Amino acid sequence: MPNKSKCPYCNATITRLNVEEIELERNPGGPWKGVSYACPVCRKILSVGPHPDAAKSGLLSQIQSLLESQSPKK
Ligand SMILES: [Zn+2]
């Protein structure tokens, strides 16, 4: 099936996006690691999201603290 997604800026057909690491400013507690998704033709950012590694490590630390809170303490 042909890809019909178009860039809203330059109207290029999008078959791939450039992913770049960025910092997401956040106060307090920031910055977070994030990634931007940009059109490879005009390089405008189409979307931004959490860095896959940061999402993974955040999930792992949440699981770990949940397990620790449920383990009996003496
Ligand atoms: Zn574009």
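Higher on the page you've got the structure.
What you are looking at is a predicted structure, and each value in this text was computed from that prediction instead of being measured.

A. Fine view of unusual backbone geometry. The residue after Asn-27, namely Pro-28, is reached through a cis peptide bond having omega -5°. One can find Pro-28 in the loop between strand E1 (18-24) and strand E2 (32-38). The phi torsion at Asn-11 lies on the positive side, around 70°, for a residue other than glycine. Locating Asn-11 in the fold gives a position in the segment before E1. The class of Asn-11 is exposed, set by 11 C-beta atoms lying within 10 Å. The residue Arg-43 is not glycine, and still its phi comes out positive at about 65°. Mapped onto the elements, Arg-43 comes out in the loop between E2 and strand E3 (45-50). You can call Arg-43 exposed: it has 11 C-beta atoms within 10 Å.

Rules behind the numbers
Residues numbered from 1 in each chain as written. Predicted model: local features only at pLDDT ≥ 70, side-chain atom pairs only at ≥ 80, totals over all residues. Helix = DSSP H or I, 4+ residues; strand = E, 2+ residues; numbered from the N terminus. Buried ≥ 20, exposed ≤ 12 C-beta atoms within 10 Å, placed from the backbone.

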